[in-house]
Amino acid sequence: TKNYYLYATSEVMAAANLGIYVADLNYCILFKKSEEAKKYFEAVYELSKIIRVEKSTLEFLINRYEANIAQNDSLKLMVGQLLGQSTAGLQGTDRERLAGIAMAGYQIESLHLVLSTLNSLPDTLTDQQTQTQELLLNFILDQRGKFEVVYNFVRANSDPLDPDRNPNYPFFDNALRELIGVYQGIDKSNPNVKELGEKVDAIRNKVVSKE
């Protein structure tokens, strides 16, 4: 969480990592890691400033967070609104594409966390672990449609012919398209997600890279 400032040199990478930090914040809240959650929220707040989210939106976010910091259920509801509130102020501006990049980062990190949890399950499962495995696989399959929405949003709000306006467009365009292609070979009858995990990790490693 201390490294958020390393993404300040590029609005696009700040937006992508804003999405990643929000997903990690959600994970901390889910497992009631209040101290870690507080640090992730501070990082999210600072990244939101880097991509120039409206001051009124930032004030709303921090007030809501501080009011609910001791109530885990309230925080879980609030974090569901966090990314939407952070990116709502970008709509209709020349920075609208950053909203799509932030959503892509959020989806990538959420999928990374779920795949990591799935891979941590032992070879021999208890009944409860079998139910968990099924829930995780269903979540993974449900994400395909969300990635398609994000991919189309990024394409609609980017200009691949103007690298100064969106220097990371080719990366996100190719990465999301390839990820959707991997998804096309996965369904309930073929739940092998190894290739999907490798693709997600490759994209995530690039996004969080400090280079």
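Presented here is an overview of the structure given in this document. (Residues numbered from 1 in each chain as written. Predicted model: local features only at pLDDT ≥ 70, side-chain atom pairs only at ≥ 80, totals over all residues. Heavy atoms only, no water.)

Enumeration according to the criterion identifies eight salt bridges in this entry. E148 is paired through a salt bridge with R144; the nearest N and O atoms lie 3.2 Å apart. Highlighted residues: E148 and R144, both in helix α6 (residues 127-156), separated by four residues, approximately one helical turn. For E198, the salt bridge is made with K194, and the minimal N-O distance between the two is 2.7 Å. Placement of the pair is E198 and K194 together in helix α8 (residues 194-208), with a separation of four residues, close to one helical turn. Classification of K194 by relative accessible area gives exposed; the value is 56%. (Salt bridge = Lys/Arg side-chain N within 4 Å of Asp/Glu carboxyl O. Helix = DSSP H or I, 4+ residues; strand = E, 2+ residues; numbered from the N terminus. Buried < 20%, exposed > 50% of the residue type's maximum accessible area, 1.4 Å probe, protein only.)

With that settled, the discussion passes to a nonpolar patch on the surface. Where nonpolar side chains cluster on the molecular surface, the patch consists of Y27, L30 and F31 and spans about 310 Å² of accessible area. Residue L30 is classed as partly exposed on the basis of its relative accessible area of 49%. (Patch = residues over 30% accessible without salt bridge, like charges linked within 9 Å, V, L, I, M, F, W, Y side chains within 5 Å. Areas by Shrake-Rupley, 256 points an atom, 1.4 Å probe, with all protein chains shown as cover.)

For the pair helix α1 (residues 11-30) and helix α5 (residues 96-119), the least separation of the axes is 7 Å and the interaxial angle reads 40 degrees. Classified by the angle their axes make, α1 and α5 are oblique. Taken as a pair, α1 and α5 cross one another with a handedness that is right-handed. The residues of α5 that touch α1, namely those facing E11, V12, A15, A16, L18, G19, I20, V22, A23, D24, N26 and Y27, are L98, I101, A102, G105, Y106, E109, S110, L113 and T117. (Axes fitted to C-alpha atoms, helices over the stretch in contact; angles between N-to-C directions. Parallel < 35°, antiparallel > 145°, perpendicular 65-115°, else oblique. Left-handed = near helix turned anticlockwise from the far one by under 90°. Contact = heavy atoms within 4.5 Å.)

What follows concerns the nonpolar core. Counting residues in hydrophobic clusters, the biggest one holds 54 residues, and the most contacted among them are L111, I140, F147, L179, V193 and L196. Of all elements in the fold, only α1, α2 (34-50), α3 (55-68), α5, α6, α7 (169-183) and α8 reach the threshold of two or more residues within this core. When neighbours within four sequence positions are excluded, V193 is seen to be in contact with L115, L118, L137, I140 and I186. (Core = buried A, V, L, I, M, F, W, Y, C linked by side-chain atoms within 4.5 Å.)

It is worth stressing that arrangement in space is one thing and function is another; only the former is reported here.
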